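So the chains spell out like this:
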Amino acid sequence: ERLQPAVVIFRSCELENFSNVRANFRVGSLMALTHLLGRGYDRIVPVLPFDGDPAVDEVFVALAAAADEAGCRSRLEPLARATNTTERAALIDRLRHEPRRTALVCPEDNVALFLASAARAAGLSCPQRIGLLSAMGTDFAIRSGMTHLRHDFRAMGRLAVDALGAEKPFRHVLEPQLSPGNTT
């Protein structure tokens, strides 16, 4: 009760007395999958950027559900860890030995940029050999030219401020935009 009024931003929140302004991870996942499959990637690897983030977990649940819905679950590989330099290097090394075109889906822009840099350093051509899509879409992804899902964080912020002044909690879902870039 002491936390009220409260708003959870970006990820889902089912707490009755909290407002929620969130991204539509289902639609974003469908956009990501259809884009990557349409670009000819044989397999799609979800990449864990760090442990313990409910929004990251929600992205992966939505990605798996979207793959089921789209009938392409067989193309979705198990989760790959990239939470530190050692794990990112191991992932890039595995990709060097993988003959199929592979796309990485990372829910965090900074880690996605680390992976893009490591792939280039390992001689993996992007987007010809591997693809990379960030599911966050901050200014880092935009400036880098990386393919990403763009979320309107300014609109989320405005809606959150409105929610704090509202008489009762409300829920609002914002649709992402797919921004194809130089990594797919």
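Residues numbered from 1 in each chain as written. Predicted model: local features only at pLDDT ≥ 70, side-chain atom pairs only at ≥ 80, totals over all residues. Heavy atoms only, no water.

**Focus on the overall build of the protein chain**
Rule in force here: Here a helix means four or more residues in a row that DSSP labels H or I, a strand means two or more in a row labelled E, and each is numbered from the N terminus. A simple rule labels every residue: compare its accessible area, found with a 1.4 Å probe on the protein chains alone, to the largest value its type can have, and call it buried under 20%, exposed over 50%, or partly exposed in between. Only the protein chains shown count as covering a residue, and every accessible area follows the Shrake-Rupley method with a 1.4 Å probe.
Looking only at helices and strands, the protein chain has six helices and nine strands in total. Projecting the C-alpha coordinates of the protein chain onto the three principal axes gives extents of approximately 55 × 35 × 25 Å. Taking all 184 residues of the protein chain together, 47% fall into the buried category. With the model as given, the accessible surface of the protein chain reaches about 9,400 Å², and the carbon-plus-sulfur share is 53%.

**Description of the nonpolar core**
Put simply, the rule reads: In plain words, nonpolar cores are sets of buried Ala, Val, Leu, Ile, Met, Phe, Trp, Tyr and Cys residues tied together by side-chain atoms within 4.5 Å. Residue contacts are counted whenever heavy atoms from the two residues lie within 4.5 Å of one another.
In this structure, Leu33, Leu36 and Ile44 are the most contacted members of the largest nonpolar core, which totals 28 residues. Of all the secondary-structure elements, those providing two or more residues to this core are β2 (19–23), α1 (25–38), α2 (54–70), β5 (102–106) and α6 (153–165). Leave out the neighbours within four places in its chain, and Leu36 touches Tyr41, Ile44, Ala103, Val105, Leu133 and Thr184. Ala80, Ala119, Ile130 and Met146 belong to the second largest nonpolar core, which has 18 residues in total.

**Side note on the pattern of salt bridges**
Heads up, the condition is: The salt bridge criterion pairs a side-chain nitrogen of Lys or Arg with a carboxyl oxygen of Asp or Glu, the two atoms within 4 Å.
Applying the stated criterion to the full structure yields nine salt bridges. Between Glu77 and Arg43 there is a salt bridge, with the nearest N and O atoms lying 3.6 Å from each other. In this pair, Glu77 is assigned in the loop between α2 and β4 (80–81) and Arg43 in strand β3 (residues 43–48), connecting sequence segments 34 residues apart. Overall, Glu77 belongs to the partly exposed group, its relative accessible area being 21%. A salt bridge links Arg73 to Asp68, with the nearest nitrogen and oxygen atoms 3.0 Å apart.

**Quick word on the packing of aromatic side chains**
Inclusion rule: Ring pairs are drawn from Phe, Tyr and Trp, using the six-membered ring of Trp, whenever the two centres fall within 6.5 Å, and their geometry is named by plane angle: stacked under 30 degrees, edge-to-face over 60, tilted for the rest.
Overall, the coordinates contain two aromatic pairs when judged by the stated rule. Between Phe10 and Phe153, the aromatic rings sit 5.4 Å apart at their centres with planes inclined by 45 degrees, giving tilted as the arrangement. In this pair, Phe10 is assigned in strand β1 (residues 7–10) and Phe153 in helix α6, connecting sequence segments 143 residues apart. When its relative accessible area of 13% is taken as the criterion, Phe10 is described as buried. Each member of the aromatic cluster is reached from another via a ring pair, and the members are Phe10, Phe25 and Phe153.

**A short note on helix α4 (residues 109–121)**
In plain terms, the rule: By definition here, a helix of n residues has an expected span of 1.5 Å times n minus one. This arc describes the spread of directions from the helix axis toward the C-beta atoms. In protein, a polar contact means a hydrogen-donor-capable atom and an acceptor-capable atom, both N or O and within 3.5 Å, with residues adjacent in sequence counting only if both atoms are side-chain atoms; elsewhere, any N or O pair within 3.5 Å suffices.
Here α4 contains 13 residues, and its C-alpha end-to-end distance of 18 Å stays within 8% of the 18 Å for a straight helix at 1.5 Å per residue. Within α4, burial applies to Asp109, Val111, Ala112, Leu115, Ala116 and Ala119. Projected down its long axis, α4 shows its buried positions confined to an angular sector of 160 degrees, all on one face. Buried residues along α4 sit against β3, α3 (85–96), β5, β6 (130–134) and α5 (139–144). The distance from a side-chain oxygen at the start of α4 to the backbone nitrogen of Asn110 is 2.9 Å, and the residue carrying that oxygen is Glu108. Looking one or two residues past α4, Gly123 carries a phi angle of roughly 80 degrees, positive in sign.

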